[in-house]
Amino acid sequence: MAFREINSKMVEATVMPGLRLFSQRGAMLAYKGEVSFTPNTSGGQGGLMSMIGRRVANEATPLMTVEGSGTVLFGHGGHHIQVIGLTGDTLYVEADRLLAFEGSLEQGTMFMGSQGGVMGMVRGQVTGQGLFTTTLKGHGSVAVMAHGGVLEIPITPQRPVHVDPQAYVAHHGDVRNKLSTALGWRDMVGRGSGEAFQLELSGSGAVYVQASEEKL
């Protein structure tokens with residue numbers, strides 16, 4: 001794993017020749033060794049289509065390509081950082097929550113509605129988050145940002161998990177998502193989110209939930 005958690009708001013990444021990292025612009029705090037940082041114009045392994053998808057999704061978060069030999073400290077805005085290891089599956093995460101990830105991962109974009117019909121559109125309207133989400137697939141590690149700490153909740157076929165959409169950070173595994181309403185439509189007029197909407201995740205995998213509903 002390329003990332004090592006120094007504390008709740010800072011991670012250290014090992015950079016080696018031939019292995020690149022991608023980070024959010026402005027995330028580098030300090031580095032040692034011969035390390036270069038260059039603006040990324042290809043969108044990681046996803047290439048041009050990934051960048052197009054991100055711009056259509058209004059998720060054109062600038063990325064930096066990190067290469068060389070040394071160590072880098074990453075952090076951003078005092079946010080809590082969670083390191084997630086992938087072993088061949090796909091991580092779904094909002095683009096603005098990505099702090100850094102290994103170049104071995106293939107980056108893409110998914111329309112949230114494709115997993116839950118109207119759910120994607122309602123979620124975008126209610127939470128202010130986009131209809132699209134960034135995907136990272138393969139073997140490697142990802143550092144994501146959140147407010148107030150992160151809890152990993154297992155998802156099993158026998159026990160789906162219900163999450164406040166604004167507390168949602170990311171999920172991975174063979175998981176389906178569906179937005180449900182805990183209140184009648186009349187009761188939800190004027191409500192932002194909270195218990196009025198619940199994001200139901202079912203299948204096998206895990207979901208990461210932040211302690212605060214504050215947006216990044």
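Residues numbered from 1 in each chain as written. Predicted model: local features only at pLDDT ≥ 70, side-chain atom pairs only at ≥ 80, totals over all residues. Heavy atoms only, no water.

Quick word on the overall build of the chain
Part 1 of the argument: When you go through the chain residue by residue, the secondary structure sums to three helices and 13 strands.
Part 2 of the argument: Every one of the 216 residues in the chain was classed for burial, and the buried ones make up 50%.
Part 3 of the argument: When the accessible surface of the chain is totalled, it reaches about 10100 Å², and 53% of it is carbon and sulfur. (Helix = DSSP H or I, 4+ residues; strand = E, 2+ residues; numbered from the N terminus. Buried < 20%, exposed > 50% of the residue type's maximum accessible area, 1.4 Å probe, protein only. Areas by Shrake-Rupley, 256 points an atom, 1.4 Å probe, with all protein chains shown as cover.)

Digging into the layout of surface pockets
Part 1 of the argument: Empty space within the second largest pocket amounts to approximately 160 Å³.
Part 2 of the argument: Its residues assigned to classes, the lining of the second largest pocket shows six nonpolar, four polar and two charged. (1 Å grid on protein atoms, 1.4 Å probe; cavity = no way out; pocket = protein on both sides within 12 Å on 5 of 7 lines; lining within 4 Å. Points joined across faces, edges and corners; volume = space filled by probe spheres on them. Nonpolar A, V, L, I, M, F, W, Y, C, P; charged D, E, K, R; others polar.)

A look at the side chain of His172
Part 1 of the argument: Structurally, His172 can be placed in strand β12 (residues 168–181).
Part 2 of the argument: Those residues in contact with His172 that sit more than four places away from it in its chain are Ile84, Leu86, Asp89, Thr90, Leu91, Glu152, Ser204, Gly205, Ala206 and Tyr208. (Contact = heavy atoms within 4.5 Å.)

As for the environment of Gly173
Part 1 of the argument: Within the secondary structure, Gly173 sits in strand β12.
Part 2 of the argument: For Gly173, a relative accessible area of 22% translates into the label partly exposed.
Part 3 of the argument: When the C-alpha positions of Gly173 and Leu86 are compared, they lie 9.4 Å apart, and in sequence the two are 87 residues distant.
Part 4 of the argument: Filtering out sequence-adjacent residues up to four positions away, Gly173 remains in contact with Asp89, Thr90, Ser204 and Gly205.

A short note on the environment of Ser104
Part 1 of the argument: Position of Ser104 relative to the elements: it lies in the loop between β7 (98–102) and β8 (106–111).
Part 2 of the argument: By relative accessible area, which is 41% here, Ser104 ends up partly exposed.
Part 3 of the argument: For Ser104 and Leu21, which are 83 residues apart along the polypeptide, the C-alpha to C-alpha distance reads 8.3 Å.
Part 4 of the argument: Within the structure, the side chain of Ser104 is placed 2.8 Å from the backbone oxygen of His139, a separation counted as a polar contact. (Polar contact = N/O pair within 3.5 Å; in protein donor to acceptor, adjacent residues only side chain to side chain.)

Things to note about the environment of Ala211
Part 1 of the argument: Residue placement: Ala211 occurs in the segment after β13 (197–210).
Part 2 of the argument: For Ala211, a relative accessible area of 61% puts it in the exposed group.
Part 3 of the argument: With 131 residues separating them along the chain, Ala211 and His80 place their C-alpha atoms 10.0 Å apart.
Part 4 of the argument: Not counting chain neighbours up to four residues away, the residues in contact with Ala211 comprise His147, Gly148 and Gly149.

Remarks on the confidence of the model for the chain
Part 1 of the argument: Confidence in the prediction for the chain averages 78 pLDDT; 70% of positions are at 70 or higher.
Part 2 of the argument: Taken element by element, the predicted model of the chain shows its lowest mean pLDDT in helix α1 (residues 47–56) (44) and its highest in strand β2 (residues 10–15) (96).
Part 3 of the argument: In this model, residues 116–130 is a region of pLDDT below 50 whose contacts with residues beyond four sequence positions or in other chains number 34 contacts. (pLDDT = per-residue confidence, 0-100.)

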